[in-house]
Structures are given as C-alpha cells and as structure tokens.
Amino acid sequence: MTTLINQNPVIYEASAQNSTREWREDDDNEDSTDPIDAQEIFDLIRSISDPEHPLSLEQLNVTQRDHITVSDENNSVLVEFTPTIPHCSMATLIGLCIRVRLLRCLPSRFKVDISVRKGTHQSEHAVNKQLNDKERVAAALENSHLLEVVNQCLATATSGGVVANIKAPVAVK
Amino acid sequence: MPRLEQLAELQGHEDRVWCAAWHPTKPILATCSGDKTVRIWQATNAQDPTQWQCTGILEGAHKRTIRSVAWSPDGRQLATGSFDATTGIWEKDEDGNGDYECVATLEGHENETKSIAWSKSGALLATCSRDKSVWIWEVEEDNDFECLSVLQEHTQDVKMVAWHPTEELLASASYDDTIKIWRDDDDDWYCSDSLQGHDSTVWAIDFDPSGERIVSASADQTLKIWQRYKPGNPQGIVTPRRGEAVWKCVATVVGHHDRCIYSVSWSHAHGLVASAGADNTIRVFDIQDYDKEILTEEQIKATNEPGTLYQGVVLAATKNAHGTSDINSVAWYPSEEHGDWLASGGDDGFVRIWRIIRD
C-alpha cells in the first residue's frame, strides 16, 4: 500500500449548513447580482476532497472562511489555505485544485491569488510562487493525468457542507 | 495629451493569445494561442489602418498550446515554441496553395518550450524551456537545424530569450529571478553575466535600439533598465571577468503596474517602452535621463554601481485594454514605417492594434 504523506490528519467538524448567510429579500430575484463575498468563495471550495484522505478541505481545516479575502468591486480574491503538516507535498496539488475550482466557477473578471497561510509550510515561498505563475498552471492543466487527479478532488466540491463517505481519490505517484 | 488609440480588434483565436509578433518589413502580424494555432493578420488597406484580415492559420503541427511565435529576419519563415516541448519552423508554400506548412520540428527540450528568437543575421535560433535550459541552434541549408549548445545555468524555468539587435549576444529571463547574458567563443557558448535585482520571476526582456540597454519586466511589478559597461569603461565600473562586459541596473520603474508584468517592448522607431500584464493595463513610458542622483567617482568606486541614470515617465496608460483580462504580449511595429503601431494579445483571446498619439 502507498504510504500516505500524512497518516493521521486531525479531523475538524464541518458546519452542517450550506451557508451561514440569512435569507435576503433579493435572493429569489434571478436578475440581481449579489456581490461575491468570502462566504461564497468558501462554499465553492469547502467540499473539495483532500487528495489523500476521504475528507473535505473543510473537515481538515485546510480551508477556512476567515482566510478568504474578497473585493468584488476590485475583482480580487485571496485564498489562504493551511496544509495539514508543514512538509506536506500535496500542498501544491491542493492549491491547484482550489485554483481550478474558482477558475471554473467565478466570473472571469476575478484575479485570484492563492497562498499557504504564513508559517504553515516549510517551502511556502516556492509553493506560493508555483500556484501564482499563470504559465505553470496553464501547462499543468494540459497534463491529462494531473487534470484527472484534480477532477477527482473536485468531484465532491458541489456537496456544499458536510461530506460523508467521500471515496478517496487516487494518490498522485 | 498622449494616448493609445485603438485601431482594430482582431477576433478568431479560441483561447488566450500568448504572443504577438510583427513581420520584420511588412504590416503583417502573427499571433499564437492556447488554441494550438498561429494566426496571420494583414492590413488590407494601405490608407485605412483599421482594416485587417486573417489571411492564414498555422495548425496541425503542435499538440499543445503555442506559447511564442517569431519571424525570421528575412520574413520568410516563422518559428513557433510550444508546450509540447518542440519548436516548429514554418514556411509559406508559394508553389502550392499559399498556406503555411511546417518544414521542420526541433526537439530536445524536456518539457514546455516558452520562447524562441532568431538572431539578427538569421544564422542562429535560440529556444528556452521550463527544463531550465537555453538551446542555441544553427540554421543550416534545407531547413536543417543543428544544436550548437545546451546552456544550463538558470536554476528554474527560462521564460524568454531575446537577441541583441546587432551582435550575436543573447539574453534570457527566468523564474529564478535573474537575467543571464550569453556569448560565444567560436561556437562555444557560455554565460557572460548574471543580472540580479528583481524580487521575483522575470517574464520578459527587450533590448533598446542601440543594444546597450535592456528593459526587463517582472512578477515583482517593476520594470528595470540594465546598462552595459565594457572593460575599460570611462565610468570606472569594474569588469571582473576578463574581456567580459557587465550589466548594471540603472533604473527601476516602480509604482505603476500593481500586478505581474508579462511583456515589455522597446520601440526601435521612437524609443518608447510599452509594458502590460495582469493589471489589465498597457502603459507607454518614455525613458528619460535622471539627473537628481549623479554619483561621484568615489561613490561609484565604493559600490561598483553607477546609480540611477534613468526614469520612466508614463506617457499613456490604457486601462482595461482587453477588458478584465490579462494582457500577455505587447509588441511595437519594428520599423519607422508604422512605428506608432502597437499590437497586444490577451487572455480574452483577442488581438488589438493600437496607435500611440503624441500631441
């Protein structure tokens, strides 16, 4: 059996609701465009599967709503994520999954920056640089094997909230 | 008030446009894209620069994104650098149907080819890749290309290569935050200098018309100007390696772009510098002398640095030049004939032709 990078991750409780936002009068109006906020970004990425464990990024505390900064009027999004262990070699893959999810779901006007939370990874500069190099990302996504792994992690992303019984994706060789 | 006026918007590419390259002598533009093709655009009316037509599509040879395209100095061939790790050489089939066909494929890089460039004489071709290497090829007869040298001094991806306007001297820009200068000693190529100063990936470089200065664009959101100091230079800059010139940073243009700068072009017609990147803005700078900080001989001797010699004065800033999309490439028309034209390509898949108006 392949050895997992992190054999014993700490599992956090995911919040049971899809969203903590209260219903607003405007919600049923299809024509109104709500500004995109941190909660919406969080809802998009919270259920992405971790590459190694049958758990979501939220359950592993890799993503947290408070680590997302959005400015709808400036078209900018900053997502910081916390790898489960400081030498996690899955960090780049997790960051890539977040980037692809947002690429597919957000309006193209948004500039998205993704980085590991300061002090949570021993190669944080190198990981951040890779995740934010547009050319490297574009080339990586033309790699069909890597794309397949990313898509498997994203298969659960629409579950919006607690995800039970996620089938563990194939670990990257 | 100087400004960029849009002449034309060229649609056709089905994915982001990575690079735009002007033909050396005619009003013809080649652009390459994530859609794995190159499109050739021509001005159709000599009196009306707003009329353009797509007159050719180069496709079929590359299996992945075409990242860069460059015309040979005589305008008869095109080179394409692709993420499929190869470089294609294309020629117009004049005897046949007038379509471009791929007449040679250069292999060797281990992964994505990022940039290719022809030397001024057309005798050499340089290619570079994410595999950290720069390759120098000799152009032989019958579309044969011989690899002269594989240069492995960069410690990370090499993003771009650019030749000196007249000499056989090459510059390369890298993810390792440096620019390296390459020269040869009888076909033996070596690294002549390594330019450090940028705080992040250097995405693009261009020589000024004289070849004595280089402008570089970086993910650190600045442009830098580097000047060459040859051995025995009157300024007293020490050149430690025998016979080798050194390049010193003589200006940093900061505080304008607020995201990564992907492309920079130094006009050979009027000397203005155009830059563009992820902040959706094309800027045009005039590089002017900066005389507020003239260093004394002692100061230069103490630091071996010439100080700040130039400043970049913004002449025009066109926001949202490609809407909310990144701009990946800007290129000035290479000669005085249409020297005020600027081409740009962006993530929106569009190509735009602009004219700088200076009144």
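Everything numeric in this text was worked out from a predicted model, so none of it was measured.

Engineer: I would appreciate a short explanation of the UniProt feature "domain: MIP18 family-like" (unreviewed entry) in chain A in the present structure.
Structural biologist: The sites that carry the UniProt feature "domain: MIP18 family-like" (unreviewed entry) are, in the present numbering, residues 39-115 of chain A. Structurally, residues 39-115 of chain A comprises 29% helix and 19% strand, and the distance from its first C-alpha atom to its last is 18 Å.

Engineer: Honestly, helix α5 (residues 144-154) of chain A in this entry has me stumped. Any pointers?
Structural biologist: Spacing of three or four residues puts side chains on the same side of an α-helix, whose turn is 3.6 residues. Residues and elements named next belong to chain A. Burial in α5 covers these residues: Val149, Val150, Cys153 and Leu154. An end-on view of α5 places all buried positions within 140 degrees of arc, on one side of the element. With respect to the buried face of α5, the exposed residues turned more than 90 degrees away are Ser144 and Glu148. Its buried side turned inward, α5 meets α2 (91-105). Put simply, Asn143 is the residue that caps the front of α5, since its side-chain oxygen is 3.0 Å from the backbone nitrogen of His145.

Engineer: Could you clarify how one ought to interpret the pairing of strand β20 (residues 223-229) of chain B in this entry?
Structural biologist: Along a regular strand, successive side chains alternate from one face of the sheet to the other. All names here are of chain B. With 7 of 7 residues buried, β20 lies mostly within the body of the structure. Covered by surrounding structure in β20 are Leu223, Ile225, Gln227 and Tyr229 together with Lys224, Trp226 and Arg228, the residues of both alternating faces. Alignment of strand β19 (residues 213-218) against β20, held across 5 bridges, turns out to be antiparallel. By the bridge assignment for β20, Ala217 is matched with Leu223. Pairing analysis gives 7 bridges linking β20 to strand β21 (residues 246-253), with the strands arranged antiparallel.

Engineer: Mind showing me how you'd approach helix α3 (residues 124-131) of chain A here?
Structural biologist: Three or more residues of α3(A) are buried, namely Glu124(A), Val127(A), Asn128(A), Lys129(A) and Leu131(A). Contact partners of the buried residues in α3(A): β2 (76-81), α2, β3 (111-116) and α4 (134-140) of chain A.

Engineer: How should I be thinking about the interface of chain A and chain B in this particular structure?
Structural biologist: Often, the extent of an interface is quoted as the loss of accessible area on bringing the components together. In this assembly, 15 residues from chain A lie in contact with 26 residues from chain B. Between chain A and chain B, roughly 1700 Å² of surface is buried when both sides are summed, and carbon and sulfur atoms account for 41% of that area. In terms of surface lost to chain B, no three residues of chain A exceed Lys111(A), Lys134(A) and Glu135(A), which account for 42% of the buried area on that side. At the junction of chain A and chain B, the tally comes to 11 salt bridges. In this structure, Lys159(B) engages Glu135(A) in a salt bridge whose closest nitrogen and oxygen atoms are separated by 2.7 Å. For the interface between chain A and chain B, the tally reads 19 residue pairs in polar contact (both at pLDDT 80 or more). Counting only elements with at least two residues in the side of chain A that touches chain B, the list comes to β3, α3 and α4 of chain A. With 5 residues, α4(A) is the largest single contributor of residues to the side of chain A that touches chain B.

Each value, and the rule that gives it
Residues numbered from 1 in each chain as written. Chains lettered and ligands numbered in written order. Predicted model: local features only at pLDDT ≥ 70, side-chain atom pairs only at ≥ 80, totals over all residues. Heavy atoms only, no water. UniProt positions renumbered as here; feature names shortened; annotations may be inferred. Helix = DSSP H or I, 4+ residues; strand = E, 2+ residues; numbered from the N terminus. Buried < 20%, exposed > 50% of the residue type's maximum accessible area, 1.4 Å probe, protein only. Arc of directions from axis to C-beta. Contact = heavy atoms within 4.5 Å. Polar contact = N/O pair within 3.5 Å; in protein donor to acceptor, adjacent residues only side chain to side chain. Pairing = 2+ DSSP bridges. Buried area = accessible area lost by both parts, 1.4 Å probe. Salt bridge = Lys/Arg side-chain N within 4 Å of Asp/Glu carboxyl O.

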